[in-house]
Amino acid sequence: MDAKSAKPFEDPSAIEDWCAQRDLPVRVAAPLGDGALNLHWALEQVEGGAALVFRCRGEGHWITAGFEAEARAMTLARQAGVLAPAVVLAGAQALVMTRLEGSAGREAALATAAESPAFRQDVTSQLHMLRAGTTIDPNDSPGEPWLAQVIDAYIAAPQGGLELLTQPERARAIAAAALETGVGRVCLNHGDFRTGNLLVQGGRLSGVLDWEFAGYRPEEADVGWMLSSPWRYGRPDLDASGLMAREALLDALGQAPTARLAAWEALALVRWAVIARRQDQRQHVPAGTNADEGALLDEAEALVAASWA
């Protein structure tokens, strides 16, 4: 059974039954804020009273994989020192993890970043730890056939995502240009590292949430996504998800502004064009409501062209 065909959890008793069948007696305390694709409930463990979170897919989601890969990524990230929740249970239908304190609200992160250099340093430190703690040995680094598969998966080409676009051939050309920039260093990527998935408490970063898109990719992938223009929230001067300037992020990571980085920033725009179109379908709104495909592809092509100039 994959996540897309799994029966949804209709009420708290279904959640409690699922956990009990896996030797984890819990009580459902309350629903929590939902993400774009997932639903969440606060749990209390019957023995010991530990605060946990139950996570499952929301109605109309398009993810076919279960939660096992997300759980492995979270565990690897924690081993590298990243502030990811600890996994308690994981399966095709759901994930149970420890509950981290703080707010994942966009405004909380933006306001904290504006006032707290320590928070901005926390954010860059998390990316640095993820890179340093999960980098593949260069002698084992995969080659271009692997990279082509990774790029296709990233922009959802194998799932037919590009066919949702009005101009899929432009997206394919951007992907082909990114392939030419090569592999470089490979590490575990969060896959959606940006404001909204960063938990804030007391002026500091208290957690990194939502690892469903994690995977091994060139290390530039998370940086390119964070720099992508849709996540600047009206602050074009703060390229890195509205939290800091591009130069501050790159300097903190020791990341050069290479053609490969520009390519992954371009791929991020293609990817968002696909995700936005899927969100249009899920929300039953006209195509283009969540994002302007043409503008995203224009920007992506400009990034690729500039990197080769």
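Bear in mind the structure is a predicted one, so any value in this text is a computation, not a measurement.

The rules we used
- Residues numbered from 1 in each chain as written.
- Predicted model: local features only at pLDDT ≥ 70, side-chain atom pairs only at ≥ 80, totals over all residues.
- Heavy atoms only, no water.
- Helix = DSSP H or I, 4+ residues; strand = E, 2+ residues; numbered from the N terminus.
- Rg over C-alpha atoms; globule rule 2.2 N^0.38 Å.
- Buried < 20%, exposed > 50% of the residue type's maximum accessible area, 1.4 Å probe, protein only.
- Contact = heavy atoms within 4.5 Å.
- Axes fitted to C-alpha atoms, helices over the stretch in contact; angles between N-to-C directions.
- Parallel < 35°, antiparallel > 145°, perpendicular 65-115°, else oblique.
- Expected span 1.5 Å × (residues − 1).
- Left-handed = near helix turned anticlockwise from the far one by under 90°.

> Could you clarify how one ought to interpret the overall build of the protein chain in this entry?
Helix and strand content of the protein chain: 10 helices and nine strands. For 309 residues, the compact-globule estimate of 2.2 N^0.38 gives 19 Å, and the C-alpha radius of gyration of the protein chain, at 19 Å, lies within 12% of that figure. With the C-alpha coordinates aligned to their principal axes, the bounding extent of the protein chain is approximately 60 × 40 × 40 Å. Classification of the 309 residues of the protein chain by burial places 49% in the buried group. Restricting to contacts in the protein chain with at least 6 residues of sequence separation, those with at least 24 account for 68%.

> Got a minute to help me understand the packing of helix 5 (residues 144-154) against helix 9 (residues 259-283) in this structure?
Helices that pack against each other are described as a pair by the angle of their axes relative to one another and the distance between those axes. Their axes nearest at 9 Å, the elements helix 5 and helix 9 cross at an angle of 40 degrees. In terms of orientation, helix 5 lies oblique with respect to helix 9. Counted together, Leu147, Val150, Ile151 and Tyr154 of helix 5 and Trp264, Leu267, Ala268 and Arg271 of helix 9 form the full contact between these two elements.

> Would you mind going over the side chain of Asp239 with me for this structure?
Mapped onto the elements of the fold, Asp239 is located in the loop between helix 7 (220-227) and helix 8 (246-253). Once residues within four sequence positions are removed from consideration, Asp239 is found in contact with Met226, Leu227, Arg232, Met244, Ala245 and Arg246.

> Mind showing me how you'd approach helix 4 (residues 117-134) here?
Since the α-helix turns once every 3.6 residues, residues separated by three or four places project in the same direction. Taking 1.5 Å of rise per residue, the 18 residues of helix 4 would be expected to cover 26 Å, and the 26 Å separating its terminal C-alpha atoms lies within 8% of that figure. Taken together, the buried positions of helix 4 are occupied by Phe119, Asp122, Val123, Thr124, Gln126, Leu127, Leu130, Arg131 and Thr134.

> Would you take a moment to explain the packing of helix 6 (residues 168-179) against helix 10 (residues 293-308) for this structure?
Look at helix 6 against helix 10: their axes get within 10 Å of each other, and the N-to-C directions meet at 30 degrees. Put simply, helix 6 runs roughly parallel to helix 10. Crossing handedness for the pair helix 6 and helix 10: left-handed. Within the contact between the two elements, helix 6 uses Arg170, Ala171, Ile174 and Ala177 and helix 10 uses Gly294, Leu297, Asp298, Ala300, Glu301, Val304 and Trp308.

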